[in-house]
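Architecture and fold: a report
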Amino acid sequence: MSGWAPHDTRRGFIRGLLAGSAALTATAVAPGQAVAAVRGGAARDSEVLVTLAAVEQVAAFSYRYVIGAARLSPTTASTLRRFLTHELVHVQTLAAALSRLGHAPPAAPKSAVVVDHRLAALGVTEPLGHVHLERQALSLLIGVETAEENAYHRAIGELSSPALVRLAAESVTCDAQHWTALSELAHDGDVLGAVPHALAPVVQGL
Amino acid sequence: VPILNGLLGVEFFAAYAYTAAIPLLVGRDMRAARQFLHQELAHITVVRTLIESVHGEASVQRASYPLGHPHGRSGLLAMLHRVEAESIRAYVEAIPKLSAGGVRAAAASVMANEGQHISVLRASLGLQPVPAALVTGSE
């Protein structure tokens, strides 16, 4: 205890208190900012997931409609049914992710008219009601898969949660595989046309 | 930059594998492999560009890569399938760790193209071309 005096102790106590207070102030701000950032990221992630879920719902509706409406070969019908199950898994996975963030998925479209409008907004202008033949079905669904790839591409750049980024990357790769398989069916097994670009989707400026 | 250099490494590996396989393949397999090689070379350019855009130093290609001793058409296609699956696993691990959104999106576009390659290879091997709703490279 040599060298210590009561006033030193008191001064030290006050200094410590002030320092502690400053530290407390600082820590009170830093976690607050961190919490706000996390909340902001989660809110933005929810918005992005809602957009993706809406696109996946349109894709699932389109597959189901086409399977029921178009005259398809057994091979194509079987392929489309398989891809529909994938799209439904994507819808369910996104709904579960939204639920974990405290949000509900968007309401699923119930009519072809609504889906036609949503498809047009995604760049697919052929109405579902015009699909009767296999080539029309494949052309429309290739457009749907392109729209999904573009939506995921935007989402992967915007999502903040690493787990959601990973989920989106795994989903878009599946959609790119759908695109390739549909393209091969549409063009008599033309493998070069089925994987035409080094990037899926094509990224401008790279 | 280390994450991107890891991806550059798997792209070098894939380009090496296709370069080795092409002279031994014929017909549709050979045409597909040639196209996929061109796309792997484009991926190398993309990943290098991403590294250079953040003033990083891109790693260089190794003299050789372990391809095993594939025999016949199915052995070669299986080897290419293995290399593509390894690429996809590397991208699945790397993409969530990349901080810049634009870089993540570009890397995911490359990964999706690798997914297309493996889908064609799977079909050539008589396997289901799109086996799962989520592509992880372990299918």
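Chains are numbered independently. Their residues run from 1 in the order of the written sequence. Chain letters start at A and ligand numbers start at 1, both assigned in the order the entries are written. Whole-chain, interface and lining totals are the exception, using all residues; otherwise, since this is a predicted model, local features are given only for residues with pLDDT of at least 70 and side-chain atom pairs are given and counted only at 80 or more. The basis for every side-chain value is the complete set of heavy atoms in the structure, and neither hydrogens nor water enter the calculation.

Time to look at the overall build of chain B. Helix numbers and strand numbers start at the N terminus; a helix is a DSSP run of H or I with at least 4 residues, a strand a run of E with at least 2. Within chain B, the regular secondary structure consists of four helices and zero strands. Taken over C-alpha atoms, the radius of gyration comes to 15 Å for chain B, in line with the 14 Å a tight globule of 139 residues would show. Here the C-alpha coordinates of chain B stretch approximately 45 × 35 × 20 Å along the principal axes. The buried share of chain B, reckoned over its 139 residues, is 53%. Accessible surface, chain B as shown: approximately 5,800 Å² in total, 59% of it carbon and sulfur. A residue counts as positive if it is Lys or Arg and as negative if it is Asp or Glu; His and the chain ends are not included. Charge positions are represented by NZ for Lys, CZ for Arg, CG for Asp and CD for Glu. Of the charged side chains in chain B, 11 are positive and 10 negative; the average position of the first set lies 6 Å away from that of the second. C-alpha atoms define the radius of gyration in this analysis, and the globule rule sets the expected value at 2.2 Å times the number of residues to the power 0.38. Working definition: with a 1.4 Å probe on protein chains only, accessible area under 20% of the residue-type maximum means buried, over 50% means exposed, and in between means partly exposed. All accessibility values rest on the Shrake-Rupley procedure with a 1.4 Å probe; residue burial counts only the protein chains present in the view.

Any carboxyl oxygen of Asp or Glu that lies within 4 Å of a side-chain nitrogen of Lys or Arg is treated as forming a salt bridge with it. Within the structure shown, the criterion is met by six salt bridges over all chains. The salt bridge partner of arginine 44 of chain A is glutamate 158 of chain A, with a shortest N-O separation of 2.6 Å. Here arginine 44 of chain A, found in helix H1 (residues 6-69), pairs with glutamate 158 of chain A, found in helix H4 (residues 134-158); they are 114 residues apart in sequence, far enough to count as distant. Here arginine 28 of chain B and glutamate 184 of chain A are joined by a salt bridge, their closest N and O atoms 2.4 Å apart. Here arginine 28 of chain B, found in helix H2 (residues 27-53), pairs with glutamate 184 of chain A, found in helix H5 (residues 162-186), and the two come from separate chains. The class for arginine 28 of chain B is partly exposed, based on a relative accessible area of 30%. Residue classification places glutamate 184 of chain A among the buried residues on the basis of a relative accessible area of 14%. One network of salt bridges, in which partners are shared, links Arg44, Glu47 and Glu158 of chain A.

Pairs of residues are marked as contacts when any of their non-hydrogen atoms sit within 4.5 Å. Contacts between chain A and chain B engage 40 residues on the former and 39 residues on the latter. Between chain A and chain B, roughly 3,100 Å² of surface is buried when both sides are summed, and carbon and sulfur atoms account for 65% of that area. At the junction of chain A with chain B, the criterion picks out two salt bridges. In this structure, the salt-bridge partner of glutamate 93 of chain B is arginine 166 of chain A, at a minimum N-O distance of 3.2 Å. Under the rule applied, a polar contact is a pair of N or O atoms within 3.5 Å (in protein, one hydrogen donor and one hydrogen acceptor; residues adjacent in sequence only if both atoms are side-chain atoms). Here chain A is connected to chain B by 22 residue pairs in polar contact (both at pLDDT 80 or more). Counting only elements with at least two residues in the side of chain A that touches chain B, the list comes to helix H2 (74-100), H4, H5 and helix H6 (191-194) of chain A. The element best represented in the side of chain A that touches chain B is H5 of chain A, accounting for 17 residues. Considered class by class, the residues forming the side of chain A that touches chain B number 24 nonpolar, eleven polar and five charged. When two parts are brought into contact, each loses some accessible area as probed by a 1.4 Å sphere; the total of that loss over both is the buried area. Amino acids outside the nonpolar list (Ala, Val, Leu, Ile, Met, Phe, Trp, Tyr, Cys, Pro) and the charged list (Asp, Glu, Lys, Arg) are all regarded as polar, and Gly is one of them.

All names here are of chain B. Within 6.5 Å between ring centres, the rings of Phe, Tyr and Trp (the latter by its six-membered ring) count as paired, and their orientation is classed by plane angle as stacked under 30 degrees, edge-to-face over 60, tilted in between. Going through the model one piece at a time under the given rule, you end up with four aromatic pairs over all chains. Where tyrosine 18 meets phenylalanine 36, the ring centres are 6.1 Å apart and the plane angle is 85°; that geometry is what we call edge-to-face. With tyrosine 18 in helix H1 (residues 2-21) and phenylalanine 36 in helix H2, this pair connects stretches of sequence that are 18 residues apart. With respect to burial, tyrosine 18 and phenylalanine 36 carry one shared label: buried.

Turning next to the side chain of histidine 117 of chain B. Along the chain, histidine 117 of chain B turns up in helix H4 (residues 101-124). A distance of 2.6 Å separates a polar atom in the side chain of histidine 117 of chain B from a polar atom in the side chain of glutamine 39 of chain B. Setting aside chain neighbours within four positions, we find histidine 117 of chain B in contact with Val195 of chain A together with Tyr18, Phe36, Gln39, Glu40, His43 and Glu84 of chain B.

This paragraph deals with the confidence of the model for chain A. Residue and element names in this part refer to chain A. Values of pLDDT, which run from 0 to 100, indicate the predictor's confidence residue by residue. Across chain A, pLDDT averages 84, with 79% of residues at or above 70. Predicted confidence in chain A is weakest over H1, with a mean pLDDT of 65, and strongest over H2, with 98. pLDDT under 50 marks residues 1-32. Its contacts with residues more than four places away, or in other chains, come to three contacts.

Following the sequence through the fold, alanine 121 of chain A ends up in helix H3 (residues 112-121). As for alanine 121 of chain A and arginine 64 of chain A, which are separated by 57 residues in sequence, their C-alpha atoms are 20 Å apart.

A few words on the confidence of the model for chain B. The share of residues in chain B with pLDDT of 70 or more is 100%, and the mean pLDDT across the chain is 96. The secondary-structure element of chain B with the lowest mean pLDDT is H2 of chain B, recorded at 96, while helix H3 (residues 72-94) of chain B shows the highest, at 98.

Residue and element names in this part refer to chain A. Inspection of the secondary structure puts glutamate 87 in helix H2. Buried and without a salt bridge, glutamate 87 has arginine 64 as its closest oppositely charged side chain, separated by 11 Å. Look past the residues within four positions of glutamate 87 in its chain and what remains in contact with it is Glu56, Ala59, Ala60, Tyr63, Glu145, Glu148, Asp175 and His178.

Cis geometry marks the peptide bond from alanine 200 of chain A to proline 201 of chain A, where omega comes out at 0°. Positioned with a positive phi, aspartate 188 of chain A is a non-glycine residue whose angle comes to about 50°. On the secondary structure map, aspartate 188 of chain A appears in the loop between H5 and H6. Residue aspartate 188 of chain A is classed as exposed on the basis of its relative accessible area, which comes to 76%. At histidine 55 of chain B, a position not held by glycine, the phi torsion is positive, near 60°.

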